[in-house]
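One letter stands for each residue in the lines below.
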Amino acid sequence: MALLITENCTSCDACRPVCPNEAIAMAEPIFVIDPLRCTECVGAEDEPQCRLVCPADCIEDNPDFREGREALLAKYQALHA
């Protein structure tokens, strides 16, 4: 499952640098996560790094992109091949 950033985002930029897939980008008025690049850090870390560093606690599961761990790992491997 990919993640998404809610409207509670303060645009602090804490999340973008920690994303191993460069899935997070600045947009107006809040940051956005590209669901085609987001693997919830599967393949790189034990848990989503953006959630760990987000001071606004505004990163949630994206209900439109439900993927299992195996699919997320395959996506990570394809992005870093």
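Look up: the structure comes first, before these words.
Structural notes, computed from the coordinates. (Residues numbered from 1 in each chain as written. Predicted model: local features only at pLDDT ≥ 70, side-chain atom pairs only at ≥ 80, totals over all residues. Heavy atoms only, no water.)

## What about the nonpolar core?
Then, number 1: Of all hydrophobic cores here, the largest spans 16 residues; its most connected members are Ile-5, Cys-15, Ile-24, Ile-33 and Ile-59.
Then, number 2: Every residue in contact with Ile-5, bar those within four places of it in the chain, is listed here: Cys-15, Ile-24, Ile-30, Phe-31, Val-32, Ile-33, Cys-58 and Ile-59. (Core = buried A, V, L, I, M, F, W, Y, C linked by side-chain atoms within 4.5 Å. Buried < 20%, exposed > 50% of the residue type's maximum accessible area, 1.4 Å probe, protein only. Contact = heavy atoms within 4.5 Å.)

## Some remarks on the environment of Gly-43
Then, number 1: Secondary-structure assignment places Gly-43 in the loop between strand 3 (32-33) and helix 1 (49-53).
Then, number 2: Considering only alpha carbons, one finds Gly-43 and His-80, 37 residues apart in sequence, at a separation of 9.8 Å.
Then, number 3: Excluding residues within four positions of it along the chain, Gly-43 makes contact with Leu-73 and Tyr-76. (Helix = DSSP H or I, 4+ residues; strand = E, 2+ residues; numbered from the N terminus.)

## Re the pattern of salt bridges
Then, number 1: In total, this model carries 3 salt bridges according to the counting rule given.
Then, number 2: Taking the shortest distance from any N to any O, the salt bridge between Arg-51 and Asp-61 comes out at 2.7 Å. Here Arg-51 is found in helix 1, whereas its partner Asp-61 is found in strand 4 (residues 59-61), with 10 residues between them in sequence.
Then, number 3: The partly exposed category is assigned to Arg-51, whose relative accessible area is 32%.
Then, number 4: Its salt-bridge partner being Lys-75, residue Glu-67 comes within 3.0 Å of it at the nearest N-O pair.
Then, number 5: Residue Lys-75 is classed as buried on the basis of its relative accessible area of 13%. (Salt bridge = Lys/Arg side-chain N within 4 Å of Asp/Glu carboxyl O.)

## A look at unusual backbone geometry
Then, number 1: The amide bond that connects Glu-28 to the next residue, Pro-29, takes the cis arrangement and shows omega of 5°.
Then, number 2: Here Pro-29 lies in the loop between strand 2 (24-25) and strand 3.
Then, number 3: Positioned with a positive phi, Asp-13 is a non-glycine residue whose angle comes to about 70°.
Then, number 4: Tracing the backbone shows Asp-13 in the loop between strand 1 (3-5) and strand 2.
Then, number 5: Accessibility expressed as a relative area gives 25% for Asp-13, which makes it partly exposed.
Then, number 6: In the Ramachandran plot, Glu-40 falls in the positive-phi region, its phi being about 55° despite a non-glycine side chain.
Then, number 7: For Glu-40, the location among the structural elements is in the loop between strand 3 and helix 1.
Then, number 8: Since its relative accessible area comes to 18%, Glu-40 is described here as buried.

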